[in-house]
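Chain and residue survey
Single-letter residue listing:
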Amino acid sequence: MVQIPKQPVPSSPAPPAVPTSADVARLAGVSRATVSYVLNNTSAVRISEPTRRRVHEAAKELGYVPHAAARSLRAGHSRMVLMPSPNVPAGPLYSRFLSELQWALSRLDYTVVQYGGIGLDRDEAARAWAELRPVAVIVPGGGLGAEGVHVLKRSGARAVVTLGSERVRGAHALLLDQDGVGHSAGAHLLARGRRRVGVVMPEEPGLEFFSRPRLEGVRRALEGTDATVTELPLAYEEDSAARLAGRWRSLGLDSVFAYNDEYAMLLMRALQDECVDIPRETAVVGADDLMLGRLLRPRLSTVHIELPSGRDLAELVDRAVRDPGGEPEVHEVFGARIVHRESS
């Protein structure tokens, strides 16, 4: 047996001392209180611009950053807004909304932290979120219950905001009307003389939160007419779209609401490969009004969706943090309107 000789462990140099606000104050020639006022953007105390500049330069030279935990102790709460990662694939439209929201919250001096907790039940996830002691939690999608809201508030969260189709007791709610998206598409196809409507149902996990209400919206738009609705399971893959397109004519459909623009573009390409004429044989409607849909030929008809303003949501969070005992606000924020182009 070969023995590996032991090597002496080299002694590592002691880590450099962590700079403190006192170090910044000495270098800038100001008090520690002034350093705190400047670096925490305290508006209640007037500090001259030259003094602010000296403090920022000293902090940069020393590599000093404020201690978030210490600031939280002084304020009685953190400035952390927790945003659990959505448990569904986020498209371009939703991603833009999240970016705007994070920017707006940062302008209000909140730190936004995204939390990945895939596989956790929402109320179970709420306990994991609570361990981080956020001042507010913004929950996309469904699943969070009243118990989860209670856990978060007991841990110190001053605001819990849900984005979904239903409100949760104790939480502020932005109600997103997915049913209205489907209704807009169905009503448009009906008005265009289409009577055999297919509705794409994505097979990707989690999207049923959006696709089921959209399907019901189409059914509602066609209710009381001679039009029919056919569900069309479809994975977001070229092979899946090709298989569906290959049997398209046997389905006898004259139109399709393809859930959103991305699925619509996927299916349109496959239908055109099968020489299905769009829109003469089959009208196609998507949703989200993405720029790519306007570049297709024929250009894609779509449902334009008005998401809530990121700035408005950030201001709602700030109001709730300042007045945690206030009555939860409920806002219906989803607007949907058809954009008619050549594909229908």
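For the structure, see preceding data.
Residues numbered from 1 in each chain as written. Predicted model: local features only at pLDDT ≥ 70, side-chain atom pairs only at ≥ 80, totals over all residues. Heavy atoms only, no water.

**Some details on a nonpolar patch on the surface**
Note the cut-off: Like charges are joined within 9 Å and nonpolar side chains (Val, Leu, Ile, Met, Phe, Trp, Tyr) within 5 Å, but only among residues with over 30% relative accessible area and no salt bridge; these make up the patches. What sets the accessible areas is the Shrake-Rupley method with a 1.4 Å probe; for residues, cover comes only from the shown protein chains. What counts as a salt bridge is simple: a side-chain nitrogen of Lys or Arg found within 4 Å of a carboxyl oxygen of Asp or Glu. The helix count covers DSSP runs of H or I at least four residues long, the strand count covers runs of E at least two residues long, and both are numbered beginning at the N terminus.
Residues Met291, Leu292 and Leu295 make up a contiguous nonpolar surface patch of about 330 Å² in total accessible area. Within the secondary structure layout, leucine 295 lies in helix α13 (residues 291-295).

**Comments concerning helix α2 (residues 32-39)**
In an α-helix there are 3.6 residues to a turn, and that puts residues three or four apart on one side. Rules: Buried means the residue's accessible area, taken with a 1.4 Å probe over protein chains only, is under 20% of the maximum for its type, while exposed means over 50%, and partly exposed covers the values in between. The arc in question is the one traced by the directions running from the helix axis out to the C-beta atoms. What makes two residues a contact is simply this: any of their non-hydrogen atoms within 4.5 Å.
By the burial criterion, the buried members of α2 are Thr34, Val35, Val38 and Leu39. Here the buried residues of α2 occupy an arc of 120° about the axis, which is enough to place them on one side. Where α2 is buried, its residues touch α1 (21-28) and α3 (49-62).

**A look at unusual backbone geometry**
Residue proline 279 is bonded to the preceding isoleucine 278 through a cis peptide linkage, with omega at 15°. By the secondary structure assignment, proline 279 is in the loop between α12 (261-273) and β9 (283-287). Across the junction of arginine 297 and proline 298, the peptide omega takes the value 0°, indicating a cis bond. Tracing the chain through its elements places proline 298 in the loop between α13 and β10 (301-306). A positive phi angle, close to 65°, is found at cysteine 275, a residue other than glycine.

**Digging into the pattern of salt bridges**
Going through the model one piece at a time under the given rule, you end up with 14 salt bridges. In this structure, arginine 212 and glutamate 231 form a salt bridge, with 3.2 Å as the shortest nitrogen-oxygen distance. With arginine 212 in helix α9 (residues 208-222) and glutamate 231 in strand β7 (residues 228-234), the pair connects residues that are 19 residues apart, well separated along the chain. By relative accessible area, which is 40% here, arginine 212 ends up partly exposed. Between glutamate 342 and arginine 299 there is a salt bridge; the shortest N-O distance is 3.0 Å. Here glutamate 342, found in the segment after β12 (335-339), pairs with arginine 299, found in the loop between α13 and β10; they are 43 residues apart in sequence, far enough to count as distant. Taking relative accessible area as the criterion, glutamate 342 reaches 38% and is therefore assigned partly exposed. A single salt-bridge network, built from bridges that share partners, covers Arg212, Glu216, Arg219 and Glu231.

**A word on the nonpolar core**
Stated precisely, the cut-off is as follows: Among buried residues, the Ala, Val, Leu, Ile, Met, Phe, Trp, Tyr and Cys ones that are joined through side-chain atoms within 4.5 Å form a nonpolar core.
Core analysis: the biggest nonpolar cluster contains 43 residues, and Leu105, Ile138, Leu313 and Val317 have the highest contact counts within it. For this core, the element with the highest residue contribution is helix α5 (residues 92-107), accounting for 7 residues. Once residues within four sequence positions are removed from consideration, leucine 105 is found in contact with Val81, Tyr110, Val112, Ile138, Ala314 and Val317. Counting 25 residues, the second-largest nonpolar core is a separate cluster that includes Val200, Leu207, Ala241 and Leu244.

**Here's the deal with the side chain of aspartate 254**
Which entries qualify depends on this criterion: For the charge count, each Lys or Arg is scored as positive and each Asp or Glu as negative, with His and the chain ends excluded. Under the rule applied, a polar contact is a pair of N or O atoms within 3.5 Å (in protein, one hydrogen donor and one hydrogen acceptor; residues adjacent in sequence only if both atoms are side-chain atoms).
Assignment of secondary structure puts aspartate 254 in the loop between α11 (248-251) and β8 (255-257). Buried and unpaired, aspartate 254 has arginine 196 as its nearest opposite-charge partner, separated by 4.0 Å. There is a polar contact of 3.0 Å between the side chain of aspartate 254 and the backbone nitrogen of arginine 195. A distance of 3.1 Å separates polar atoms of two side chains, one belonging to aspartate 254 and the other to serine 255. If near-sequence neighbours (up to four positions away) are discounted, aspartate 254 is found in contact with Gly193, Arg194, Arg195, Arg196, Val197, Glu281, Thr282 and Ala283.

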